[in-house]
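The lines below spell out each chain.
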Amino acid sequence: MHDIIIVGARCAGAPTAMLFARAGYRVLLLDRATFPRDTLSTLYIHQPGIALLDRWGLRETLVESGAPPITSALHQVEDVVLRGCCAPVNGIRAAFAPRRLVLDQILLDAAVAAGVEFRQGHGVDEVLFDPAGRAVGVRCGAERLTARLVVGADGMRSRVAAAVGAEVEVSHPELTCVYYSFFAGVPAGFEAYGGAGTWAGCVPTHDGLTLVGAYFPQADYARVRHAAQEEYLANIRRACPDLHERVMAGTQEERLYGSGAQRNFFRRASGPGWALVGDAGHHKDSILANGITDAFRQAELLVSCVDQDLHDEPALAAALARFARERARLFTAAYRNTLAVARLEPARRLPAMRAMADDPAQVELFFTKMAGATRDDDLLRAAPALTARPPA
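Residues numbered from 1 in each chain as written. Predicted model: local features only at pLDDT ≥ 70, side-chain atom pairs only at ≥ 80, totals over all residues. Heavy atoms only, no water.

Undergrad: Requested: an account of the packing of helix α7 (residues 228-239) against helix α8 (residues 241-249), with residues and values cited.
TA: Relative to each other, α7 and α8 sit at 135°, their axes nearing to 5 Å. When the axes of α7 and α8 are compared, the pair comes out oblique. Listed contacts from α8 to Leu233, Ile236, Arg237 and Ala239 of α7 are Pro241, Leu243, His244, Val247 and Met248. The residue inventory of the contact of α7 with α8, partitioned by class, reads seven nonpolar, one polar and one charged. (Axes fitted to C-alpha atoms, helices over the stretch in contact; angles between N-to-C directions. Helix = DSSP H or I, 4+ residues; strand = E, 2+ residues; numbered from the N terminus. Parallel < 35°, antiparallel > 145°, perpendicular 65-115°, else oblique. Contact = heavy atoms within 4.5 Å. Nonpolar A, V, L, I, M, F, W, Y, C, P; charged D, E, K, R; others polar.)

Here it is, written out as structure tokens:
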């Protein structure tokens, strides 16, 4: 019997497994995929996420992989330009945007080095329950695997969440769809350009490449997908003619990737014998590139809440309830901010942006909020109200 079984071995599951193993637990990490394997991603890790990698002893490994440090950011809406950076987080000023083939392997290697048993190519068919309804393990084919805690880190369409009946507690309609590709010869920092019904951005990554992304209203997805390359380039041109010129002067090195699945929700975070981390429990539009950083923070939060209480049933129940409360406290403001930006209505943000554009301290605060390094929820003046409350 293992202490903990974690389903999903990417940027939520692997660090969760690593941290539990470092705490002395026997951890089994399962993933239906085989690695290395790429995945759709905006790549960007904000400074709070890099600070966690540093705490875990993995930041230098990331640096040595060749991922370029990113120490400045640009956000432009119409004629208003904000240039700055997030305030240092535990002394960390630089962000990074590593390819997922690299990042996920770094995290997996660290988990295995911590003592995690990793089984790739192992899909979970069923979550097992005791007669009282407490999760007690999983079934992979004919094999039944038991544990004190089952953690779903298996993404937005989580099979673990479905199996345990983790209801959606907060949700909003999908607001955007996104397409991106990788270009050589496109000099860039962390840049974002907004216009009415359009958003484009870019970020440097491994091997001298730049990820360039374009966001459209979700209502346009059916049209855009049928001429995606043309629509993608036209959207970049509308959002930022200068970025479009750089893209056209560069070389597209990979095919165009895209997704219309930009769901916005909080699922119930935990229950008897189970918990959800990463996109399995909370997903939002990728437009502010918070997904990887959020996954890291949830991994550390869950492990810190459980601490040494895994084998004390009342204490474990309290710890899992605390994880749910703290997750809501940490991520509700970022959720609001993301929804506001994903509406692709920049005119609503212009007065506030104009007021701060010439104040370096306010610009730094803006990028600090964007990075999720503060729980202040007034990044944008017209954040939509929640239709339901996250778990309290």
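Undergrad: Explain the layout of surface pockets to me, and be specific about the residues and the numbers.
TA: Here the second largest pocket is characterised by a volume of approximately 250 Å³. In terms of lining, the second largest pocket is formed by 14 residues, of which the most central are Pro48, Leu52, Arg55, Arg297 and Glu300. Here the lining of the second largest pocket is built from residues that sort into seven nonpolar, three polar and four charged. (1 Å grid on protein atoms, 1.4 Å probe; cavity = no way out; pocket = protein on both sides within 12 Å on 5 of 7 lines; lining within 4 Å. Points joined across faces, edges and corners; volume = space filled by probe spheres on them.)

Undergrad: Now, about the packing of aromatic side chains: what can you tell me, with residues and values included?
TA: All chains considered together, the criterion is met by ten aromatic pairs. Here the aromatic rings of Phe20 and Tyr25 are separated by 5.9 Å at their centres, their planes lie at 70°, and the arrangement is edge-to-face. The buried category is assigned to Phe20, whose relative accessible area is 0%. These aromatic residues form a ring-pair network of at least three members: Tyr180, Phe182 and Tyr257. In this structure, Arg99 is placed above the aromatic ring of Phe182, and the distance from its NZ or CZ to the ring centre is 3.7 Å. (Phe/Tyr/Trp six-rings, centres within 6.5 Å; stacked < 30°, edge-to-face > 60°. Buried < 20%, exposed > 50% of the residue type's maximum accessible area, 1.4 Å probe, protein only. Lys NZ or Arg CZ within 6 Å of the ring centre and 35° of its normal.)

Undergrad: Could you give me a rundown of unusual backbone geometry, with the residues and numbers involved?
TA: Residue Pro36 is reached from Phe35 by a cis peptide bond, and omega for that bond is 5°. Among the structural elements, Pro36 can be located in the loop between β2 (27-31) and α2 (47-55). If you check the backbone angles, Leu43 has positive phi at about 75° while not being a glycine. With respect to the secondary-structure elements, Leu43 resides in the loop between β2 and α2.

Remember, this is a structural readout, not a statement about activity or role.
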